[in-house]
Amino acid sequence: MPTVAAKKKAKKPKAPARKQRQQRQRDRYSSPSNAVAAAAADAAAASVAGGAAASAPAPPRNYEGDGWEYPRYDLATLSKNEKAYFDYMCDLMTFFHKPDEPYPPTKVFTREELLLLTPKVVRDWMAMKTFGKLDYGPGDQSLGARYHTLGYMKKAVSWFMPNKRPGWCDGRGNPTKSDAVNKIIADVKVKESRKMGAKSRVKRPLTKAEFDLEMKLMREQPDWESQIKFPTMSVWQFNFIGRIDDTCHHELTDPKGHKTFSFALQSKVRWSKNVVDERQCPDQIILGADDPSWCLLLLLGIYLESYLAAHPDPKYLFTEHVNIHPVSHVDQAPDNIKNKWRQRLKKVVWSRPEFEDVECMDEDENEGGRQQSKYAVVGSDCVGGRIVFQYIGLKKSFEDASVCGSLCIGGPIKYELKEGIDASIPMNWIYQHVIPNIRRRFHDTRLCTVLGKAVLYACMSEDDKIVVPNEIRQRVRTAYNQLNLEETQPIEKIRLHIHRMNDQLFITPIGEGQLVAGASGGSAGMLGTEAVQTLIIRQQQYQQETNQRFDSQASQLYELRNYCGCQFRRLNNNIRSFGGTIEGSFVRQRTQQMVTATTQNEVVVRNDNQQEVEEGIVQLAELSHNPTSLHDLWREYRFGLNGRKPAIQFTRKERNVSRAVAAKYYRRNYVWQTIQRLVNAGHTAEVAIEKIRRQYGYSTSPTKIMILIQKDKAIFKDDDGIPPNLR
């Protein structure tokens, strides 16, 4: 019987087969045969000699069936970067072959020609572009190209290589992935750090002064695009920390109302150079800004109302055109509006002498000009940026809101109707007179509510920074004057504070006496005044929660007392009825309520549908006259007033005992059902009553509130008859 060692020795002959498979795998990237190399040398010699064969483009061919072929220079299908790749590749091959004239981008190189490239050729080409000579020393300056430029050149050449994936090893592979090429790139990087390299031409971020001046110069132009459209695009780009290209590709259906916060919007950024997965473009929150020149809600509402009036059903958010290329089938409309926007910025803003006079601390260190998209990354004070480098994950709602709050110049705010006016201006009036075009196009009630309040604020404001088309302003003011209200500005801006508790996002309104001096509303770092503001808000929340619990316990005690009193009276009566005491067999001690019940011969209908006359314990099934508060109405519904039967226990016969009682119960039931719905949603009765009073006015009588709730049933019939503030 063979031993274990003999078995191991028996397996050794399989090793050569494994090595053969590995060798065949390496042979895929091996150098060509002598015949192929000779043919490639002849082709290169003919190219250097300038023969006819070199000038004629060689047809692409496959080698060993791996499917490689030289890319075609097609302007219709290539991207901007890929077009630049051809320029660098032709420059390298011109340096290598040294023809009489440089190769054009349409030149097609064969596989044999590309396999003759070595790391030394690529390194020498980079040295000539950077230092102007092949051999450079420690004292030479790299003035021809910077470190990032050499990295881009390496990437461009590698894009054409037949064997682009493996590194250079034993005379084969990708020549750009070699120590010689990496060394010259590292040397240039060191020289730049020692101020011996070319000056940076990277575009620096805009400053706030430059951005403010851009908005001012744009709005001084007479046309609608410069006054309304392009400023909105700039602020949209700023809030999403995106590029011009990202902004132009947004579609009209992208913005929508926020699912959690009724005063905010949300949108996705699907078109970005870093988006390769659907999970990388979650919804991002949009809040209002206290500075009207930077408030995206304000600018977006004004823009959409005027934009949709001229173009009712566009596809894109910032262009009404659709231009499909006949070959690539790519819609070029976003690129067209992007080029138009950039040209307008160059003509109206960047070429103006007053724009050049704006001081910049790093002007002497940078020759690349300014870049608008980088200003938001610096201004947001966030690690990695919001869109450009690091995306907000699905569970990072606080980080997203914190960055959004940092981008709200002046602090985040929300637009709300002033107290006392909210009952006089229903949302249907705003939909009809303020934003009819937005409401006609969007069926999102949350979005229309947020934009409607912002546009109403803009139309009634006298601020010179707010630009509203005259026809919209006149239409809104004419309709508002017909309401005969004393208030000249029905909308107020309420500051918001962003904080979290147990990884849950909270955006809390800040009252006039709650704002800490120096707090901007955001709470990204939770330091200084922001931490103090969060502590004050949380303290008030705890106090409010304590008051709600106290009111809830008081209501429960009141209900328990009424229930126990009713049961005790019934128990005592039963004892007396069966002769529990000598006196009880002959004497009836009745309260005033019992006497009244006996006089009127009231009949109590029990739950088992049996009518029994209970002498002395009958609760009258009648409603009170003229309740003075919503609290009395709710106690009447749940517990009953003055010993009467609770309205929730009324039978159908008791509710309809007369026409007057039926009408009274019908009207009061609107308030009862509203409070009950809010209580079922998790609020206490006190909080529910406070919401109703805030919605319809603190000085409004209960009878008037019943009428207003009945009207809202018809106004908000699409939302089950529930106003936004009572949902």
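Just so we're clear, the structure is a prediction, and the values are computed from it rather than from any experiment.

Peer 1: What is the right way to read the overall build of the protein from this model?
Peer 2: Scanning the protein from terminus to terminus reveals 29 helices and 11 strands. Among the 727 residues that make up the protein, the fraction classed as buried is 43%. Per element, the accessible surface of the protein, about 39,900 Å² overall, is 51% carbon and sulfur.

Peer 1: How do you make sense of the sheet that holds strand E9 (residues 504–510) when you look at a structure like this?
Peer 2: Backbone hydrogen bonds are what pair the strands of a sheet, in a parallel or an antiparallel way. Read from one edge of the open sheet, four strands run E5-E7-E8-E9, paired in antiparallel fashion. Two strands lie at the open edges of the sheet, namely strand E5 (288–289) and E9, each paired on one side alone. In the sheet, E5 pairs with strand E7 (residues 412–417) via two bridges, with the strands oriented antiparallel. Considered in E7, the bridge of Ala289 is made with Pro412. Across the sheet, helix H20 (residues 445–460) touches E7 and strand E8 (491–501), and the angle it forms with E7 is around 85°.

Peer 1: How should I be thinking about the side chain of Thr94 in this particular structure?
Peer 2: Mapped onto the elements of the fold, Thr94 is located in helix H5 (residues 80–97). At 2.6 Å, the side chain of Thr94 and the backbone oxygen of Cys90 are in polar contact. Not counting chain neighbours up to four residues away, the residues in contact with Thr94 comprise Pro99, Pro102 and Tyr103.

Peer 1: Help me out: how do you make sense of helix H28 (residues 685–696) in this one?
Peer 2: Residue pairs three or four apart in sequence face the same way in an α-helix, which turns once every 3.6 residues. Spanning 12 residues, H28 covers 17 Å between terminal C-alpha atoms, matching the ideal 16 Å at 1.5 Å per step. Every buried residue belonging to H28 is among Ala685, Val687, Ala688, Ile689, Lys691, Ile692, Gln695 and Tyr696, and all of these are buried. Two residues or fewer after H28 comes Gly697, characterised by a positive phi angle close to 105°.

Peer 1: I keep staring at the sheet that holds strand E3 (residues 265–267) and nothing clicks. Help me out?
Peer 2: In space, the three strands of this open sheet follow the order E2-E3-E4, with antiparallel pairing throughout. Strand pairing shows two members of the sheet lacking a second neighbour, strand E2 (256–257) and strand E4 (284–286), which therefore form its edges. Direction of pairing for E2 relative to E3: antiparallel, over a ladder of two bridges. Counted as the bridge partner of Lys256 is Gln266 from E3.

Peer 1: Would you explain the packing of helix H25 (residues 630–638) against helix H27 (residues 659–680) in this entry?
Peer 2: The geometry of a pair of packed helices is captured by two quantities: the angle between their axes and the separation between those axes. Closest axis-to-axis distance for the H25/H27 pair is 10 Å, and the angle between their directions is 85°. The angle between the axes of H25 and H27 places the two elements in the roughly perpendicular class. Note on element contacts: H27 touches H25 through Arg668, Val671, Trp672, Gln673, Ile675, Gln676 and Val679, opposite Leu630, Leu633, Trp634, Glu636, Tyr637 and Arg638.

Peer 1: Looking at this structure, I do not really get the packing of aromatic side chains. What am I missing?
Peer 2: Two measures describe an aromatic ring pair: the distance that separates the ring centres and the angle between the ring planes. Going through the model one piece at a time under the given rule, you end up with 27 aromatic pairs. For the pair Phe86 and Trp159, a centre-to-centre distance of 6.1 Å together with 75° between the ring planes defines the contact as edge-to-face. With Phe86 in helix H5 and Trp159 in the loop between helix H8 (147–158) and helix H9 (179–193), the pair connects residues that are 73 residues apart, well separated along the chain. Owing to a relative accessible area of 24%, Trp159 belongs among the partly exposed residues under this scheme. Arranged with centres 5.8 Å apart and planes meeting at 70°, the rings of Tyr88 and Tyr152 form a pair that is edge-to-face. Residue Tyr88 is located in helix H5, and its partner Tyr152 is located in helix H8; the two are separated by 64 residues in the primary sequence. A relative accessible area of 23% means that Tyr88 is categorised as partly exposed. Site record: aromatic cluster; members linked through ring pairs are Tyr70, Tyr73, Tyr85, Phe86, Tyr88, Tyr103, Phe109, Tyr152, Trp159 and Phe160. Positioned over the ring face of Phe95 is Lys98, at 4.9 Å from the centre of the ring.

Criteria and cut-off values
- Sequence order sets the numbering: in each chain, residues are counted from 1 along the sequence as written.
- Two thresholds apply to this predicted model, a pLDDT of at least 70 for residue-level local features and 80 or more for giving and counting side-chain atom pairs, whereas whole-chain, interface and lining totals are computed over all residues.
- Only hydrogens and water are removed before side-chain values are computed, so all heavy atoms of the structure are retained for them.
- Secondary structure elements are defined from DSSP: runs of H or I of at least 4 residues count as helices, runs of E of at least 2 residues count as strands, and each element is numbered from the N terminus.
- Burial status follows relative accessibility: with a 1.4 Å probe on protein chains alone, a residue under 20% of its type maximum counts as buried, one over 50% as exposed, and anything between as partly exposed.
- Here, Shrake-Rupley sampling with a 1.4 Å probe gives the accessible areas, and only protein chains in the shown set may cover a residue.
- Paired strands, as defined in this entry, are two strands with at least two bridges between them according to DSSP.
- Contacts were defined at the residue level, with two residues in contact if any of their heavy atoms lie within 4.5 Å.
- A fitted line through C-alpha atoms represents every axis, and for helices the fit uses only the stretch in contact; the resulting angles, taken between N-to-C directions, go from 0 to 180 degrees.
- Two N or O atoms form a polar contact when they lie within 3.5 Å of each other; inside protein one atom must be a possible hydrogen donor and the other a possible acceptor, and for residues adjacent in sequence the pair counts only when both atoms belong to side chains.
- Each helix should span, by expectation, one fewer than its residue count multiplied by 1.5 Å.
- In what follows, roughly perpendicular refers to angles from 65 to 115 degrees, roughly parallel to angles under 35, roughly antiparallel to angles over 145, and oblique to any angle outside these ranges.
- Only rings of Phe, Tyr and Trp enter the pairing, Trp through its six-membered ring, and a pair is recorded when the two centres are within 6.5 Å. The plane angle decides the type: under 30 degrees is stacked, over 60 is edge-to-face, the rest tilted.
- The rule for a charge over a ring is simple: NZ of Lys or CZ of Arg within 6 Å of the ring centre, and within 35 degrees of the ring normal.

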